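# Survey of secondary and tertiary structure
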Amino acid sequence: MEKRHGDKGFWTALGLGLLVFYLGFALLDGHGLYPDSESYIGMEVGREPVYALYLALFRLCFGRFGEGAWLTAAMLGQSMFAAWAGWFFARRCAALFELRRFESAVIALCTLLPSLMCRFFANRHAMYSTSILSESLAFPLFTVFFIVLLCWALGGRRRELLGALLLALLLYSTRKQMVITLPLLVLAGLWRGVRTRRFRKTALMSVLLAAAVLITNALLDRGYNYALRGEALRHTGDMRFISTMLLYTAEEEDAALFPDEDTRALFLEVLDAADEKQYRQRYAPTDWFGRSLYFMNVYDGIQFLCLRDTIEARAEERFGGDELAMALEKDRVYTAINAALLPVSAGRLVGVVCDSFLVGLVSTVLAQRRLFTLPALGLYAVFILLLVLNIRRKREGEAAFGALTLLSILGNVALVSLTIFCQARYTLYNMPMFYAGAFLLLRGTLSKKTGVDKNGN
């Protein structure tokens, strides 16, 4: 009988193949700098600490050779990490589901799909593993988190729970979007509690552990800024995402909602600038896909060209370019805008959020194109059908993988839709799990065996 997950030669070859893939594109494309890159390189107060510290480490080690050299070293490091994450994901799946070599290779190929999508089918024509952006760490970290969390849910080993907690902390401290890892931790805990018939104890433990991640993240964030700036504060700017969505749907008469005259004047100034550039909802197309793409295209214009530039111009007059004071002033304005507009704008945002949610479902599994809408819905229908069949056949491992994947997709797309727009950059995290899960569910459906699978080592 063919050796499976214990085949060292196969796993060595697979790891080398993944390494050649990522390093090959790294050497071909070089490191990619984008508008957001400088904020991580400069360790700005509006950024989470992990990726900024990652870059600082490479600057410390290779900075004497010039910026191009240390950025290239950082890019090679994150490319190697992406290769290892794909290898680790495939290896753990092989152990959980007793996969053959060919099946393990298919799972490994699934982890390459976001990179292939970004490199060949997206407008950016570059992989995140070669980009100086926090996604370069967040994508592989999330892949590892998912499989470690699943292994804990199925096997219950303490080291896997601790691993999932550490990965959740790293992810949330890399990108705020990764707060989605915390409800996934809780849901996995609830499921494990039902499975082991210790629901109350396990449910309470998972909630407390998720809260511990939140608290530790806050302490890490404050400690990082205290060491760097002498002020124990959280990173700034989180409220600007909600402000941007509210301004997109705002109307001139909403100015009456602001009790403060200065903020009211600033609101009208921002609204006038957005109106002049046609960055408002009133100019959007009528079809749902067109509305979503329009919002996606004007979002950054509202946030940066209208809102941020207006606030910065005023803050600079008051604080003379002091980075920390200006950042805190911007947060104050964002908070004032949100407090005034949220009570009356919730209903207006429903349509925007629903449009983004539907587009996010498409961009999670296929390229973000109108013509892929029905194929994407078909893929979800097939995935759900296979999941139901595996549940009926009591294929516990495959069913848990599929259910966790769907919950992760729905949670992530909902979170992104409520705060920003669903471009691929925010939704591709679950693409490897979707296609790997579909493969495992199909395999489970076709298998002659029924009952609970072996949980793996």
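Residues numbered from 1 in each chain as written. Predicted model: local features only at pLDDT ≥ 70, side-chain atom pairs only at ≥ 80, totals over all residues. Heavy atoms only, no water.

Let us now look at the overall build of the protein. Helix and strand counts for the protein stand at 18 helices and zero strands. By its C-alpha atoms, the protein is 75 × 55 × 45 Å across when sized along the principal axes. Per-residue burial for the protein yields a buried fraction of 53% across its 457 residues. Contacts spanning at least 24 positions in sequence make up 75% of the contacts within the protein whose residues lie at least 6 apart. Carbon and sulfur atoms make up 64% of the accessible area of the protein, which amounts to about 20,300 Å² in all. Looking at the protein, you have 49 positive and 40 negative side-chain charges, and the mean spots of the two groups are 17 Å apart. (Helix = DSSP H or I, 4+ residues; strand = E, 2+ residues; numbered from the N terminus. Buried < 20%, exposed > 50% of the residue type's maximum accessible area, 1.4 Å probe, protein only. Contact = heavy atoms within 4.5 Å. Areas by Shrake-Rupley, 256 points an atom, 1.4 Å probe, with all protein chains shown as cover. Lys, Arg positive; Asp, Glu negative; His and termini not counted. Charge placed at Lys NZ, Arg CZ, Asp CG, Glu CD.)

In a soluble, globular protein the nonpolar side chains are often hidden away together inside. In this structure, Leu55, Phe89, Phe142, Phe145, Ile147, Leu149 and Phe401 are the most contacted members of the largest nonpolar core, which totals 73 residues. For this core, the element with the highest residue contribution is helix H7 (residues 135-155), accounting for 16 residues. Discounting chain neighbours no more than four positions away, the residues touching Phe401 are Phe89, Cys93, Phe97, Phe146, Ile147, Leu150, Met433, Ala436, Gly437 and Leu440. (Core = buried A, V, L, I, M, F, W, Y, C linked by side-chain atoms within 4.5 Å.)

In the contact formed by helix H4 (residues 67-97) and helix H16 (residues 396-419), the axes pass within 10 Å of each other and the chain directions differ by 140 degrees. When H4 is examined against H16, the residues Phe89, Cys93 and Phe97 are found in contact with a partner set consisting of Gly397, Glu398 and Phe401. Of the residues that constitute the contact of H4 with H16, the class distribution is four nonpolar, one polar and one charged. (Axes fitted to C-alpha atoms, helices over the stretch in contact; angles between N-to-C directions. Nonpolar A, V, L, I, M, F, W, Y, C, P; charged D, E, K, R; others polar.)

Even without being glycine, Glu98 reaches a positive phi, approximately 55 degrees. Structurally, Glu98 can be placed in the loop between H4 and helix H5 (101-110). Phi is positive for Gln278, which is not a glycine, with a value near 60 degrees. The residue Gln278 is located in the loop between helix H12 (261-276) and helix H13 (288-319) in this model.

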